[in-house]
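Breakdown of the fold
The primary structure of each chain is shown beneath.
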Amino acid sequence: MRELVVLEFMTLDAVVQAPGHAAEDIDGGFAQGGWTQPYMVDHREFGAAEYAQAGDFLFGRRTYEIWQPHWATITDPEDSIAAALNSRPKYVASSTLEEASWPGTTIIARDDLERAVQQLKSQPGGPIVVPGSGQLVHALTAANLVDRYQVWIHPVAVGSGKRLFTQPVPLRLIDSTSTPTGVTILEFKSHRA
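Here goes a summary of the coordinates provided. (Residues numbered from 1 in each chain as written. Predicted model: local features only at pLDDT ≥ 70, side-chain atom pairs only at ≥ 80, totals over all residues. Heavy atoms only, no water.)

**Considering the overall build of the chain**
Counting secondary structure elements, the chain contains five helices and eight strands. Ordered by position from N to C terminus, the α and β elements of the chain give β-α-β-α-α-β-β-α-β-α-β-β-β. In summary, the chain has a C-alpha radius of gyration of 16 Å against a globular reference of 16 Å for 193 residues, a match within 12%. With the principal axes as the frame, the chain shows a C-alpha extent of 45 × 40 × 35 Å. Expressed as a percentage of the 193 residues in the chain, the buried residues total 46%. Partitioning the intrachain contacts of the chain with sequence separation of at least 6 by distance along the chain shows that 70% fall at a separation of at least 24. Of the roughly 9,400 Å² of accessible surface on the chain, 53% is carried by carbon and sulfur atoms. (Helix = DSSP H or I, 4+ residues; strand = E, 2+ residues; numbered from the N terminus. Rg over C-alpha atoms; globule rule 2.2 N^0.38 Å. Buried < 20%, exposed > 50% of the residue type's maximum accessible area, 1.4 Å probe, protein only. Contact = heavy atoms within 4.5 Å. Areas by Shrake-Rupley, 256 points an atom, 1.4 Å probe, with all protein chains shown as cover.)

**Side note on the layout of surface pockets**
The gaps of empty space that remain are located by a probe, the size of a water molecule, rolled over the atoms. By volume, the largest pocket amounts to about 1,100 Å³. Forming the boundary of the largest pocket are 43 residues, of which Pro-19, Glu-24, Thr-63, Trp-67 and Gly-132 lie nearest the centre. In terms of residue count, the dominant contributor to the lining of the largest pocket is helix H2 (residues 61-71) (seven residues). When the residues that make up the lining of the largest pocket are grouped by side-chain class, the tally is 15 nonpolar, 18 polar and ten charged. (1 Å grid on protein atoms, 1.4 Å probe; cavity = no way out; pocket = protein on both sides within 12 Å on 5 of 7 lines; lining within 4 Å. Points joined across faces, edges and corners; volume = space filled by probe spheres on them. Nonpolar A, V, L, I, M, F, W, Y, C, P; charged D, E, K, R; others polar.)

**What about the packing of aromatic side chains?**
All chains considered together, the criterion is met by eight aromatic pairs. A centroid spacing of 5.6 Å and a plane angle of 65° characterise the contact between Phe-59 and Trp-67, whose relative ring orientation is edge-to-face. Across the pair, Trp-67 and Phe-59 agree in class, each one buried. When the ring of Trp-67 is compared with that of Trp-71, the centres are 6.1 Å apart and the planes differ by 40°; the resulting orientation is tilted. Taken together, the residues Trp-67 and Trp-71, both in helix H2 and four residues apart, mark about one turn of the helix. (Phe/Tyr/Trp six-rings, centres within 6.5 Å; stacked < 30°, edge-to-face > 60°.)

**Regarding the side chain of Thr-63**
Within the element layout of this structure, Thr-63 appears in helix H2. Beyond its immediate stretch of four places on either side in the chain, Thr-63 contacts Pro-131, Gly-132 and Ser-133.

**A closer look at unusual backbone geometry**
Positive phi is not limited to glycine here, since Ser-133 has a value of about 60°. Tracing the backbone shows Ser-133 in the loop between strand S5 (128-131) and helix H5 (134-142). Taking the relative accessible area as the measure of exposure, Ser-133 reaches 5% and is therefore buried. The residue Asn-144 is not glycine, and still its phi comes out positive at about 60°.

**A look at the nonpolar core**
With 24 residues, the main nonpolar core has Leu-4, Leu-58, Val-130 and Leu-140 as its most contacted residues. Elements represented by at least two residues in this core include exactly strand S1 (4-11), strand S3 (90-94), helix H4 (113-122), S5, H5, strand S6 (148-154) and strand S8 (184-190). For this core, the element with the highest residue contribution is H4, accounting for four residues. In this view, Val-130 contacts Leu-4, Val-5, Val-6, Leu-7, Leu-58, Leu-136, Val-137 and Leu-140; residues no more than four positions away in its chain are not counted. In terms of nonpolar packing, the next biggest core, distinct from the first, is built from 19 residues, Tyr-51, Ala-54, Trp-71 and Leu-85 among them. (Core = buried A, V, L, I, M, F, W, Y, C linked by side-chain atoms within 4.5 Å.)

**Observations regarding the packing of helix H1 (residues 40-53) against helix H3 (residues 80-87)**
H3 packs onto H1 with a crossing angle of 30° between their chain directions and a minimal axis gap of 9 Å. The interaxial crossing formed by H1 with H3 has left-handed handedness. Along the contact surface, H1 presents His-43, Arg-44, Ala-48 and Tyr-51, while H3 presents Ser-80, Ile-81, Ala-84 and Leu-85. Across the contact of H1 with H3, the residue classes tally to five nonpolar, two polar and one charged. (Axes fitted to C-alpha atoms, helices over the stretch in contact; angles between N-to-C directions. Left-handed = near helix turned anticlockwise from the far one by under 90°.)

**Comments concerning H3**
Three or more residues of H3 are buried, namely Ile-81, Ala-82, Ala-84 and Leu-85. Looking straight down H3, one finds that the buried residues subtend no more than 160° of arc, so they occupy a single side. Tucked into the core, H3 has its buried residues touching H1, strand S2 (56-60), H2 and S3. (Arc of directions from axis to C-beta.)

Geometric descriptors of this kind do not, in isolation, establish any biological role.
Laid out in structure tokens, this is it:
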């Protein structure tokens with residue numbers, strides 16, 4: 001059975017909301033979006049390996065709609081992240097999305113999420129990678145479907161915002177890396193009972 005791997009950017013005070021840009025997710029009046037910008041050089045250098053190993057990608061609707069207009073247009077074969085995203089199967093979990101415009105995308109109905117992910121995990125291939133997609137990660141965690149969490153802790157605090165974990169989750173640290181800009185990449189295995 002292949003792994004389901006969550007890749008999540010987080011602040012030092014455990015916020016995962018709107019890492020990419022200011023308008024990405026303003027729920028609750030969040031005005032600190034874009035807090036990863038000073039660390040983007042490390043994202044490319046240290047993130048490419050996980051994307052290259054991915055067999056499939058699984059997105060929540062909001063992340064899919066943010067990523068699709070950008071990543072679907074990058075055709076440079078030297079961009080290993082774009083190459084992986086554009087050449088591998090993509091799945092988007094949504095109860096509202098009716099059409100997926102990024103080639104190679106299949107929509108998974110939210111009420112069918114657990115069954116569909118179990119089916120994907122039983123197929124041969126590389127890991128199923130979930131980039132961002134906090135609300136989806138909450139559902140996957142609650143259903144005990146996540147095998148590994150790769151959490152990128154950025155040396156910035158924003159004070160408040162959405163969190164990665166909304167329930168107790170037993171984890172075991174399996175690896176850690178620090179980047180030149182001070183991002184700490186922690187890799188955890190889900191420690192299931």
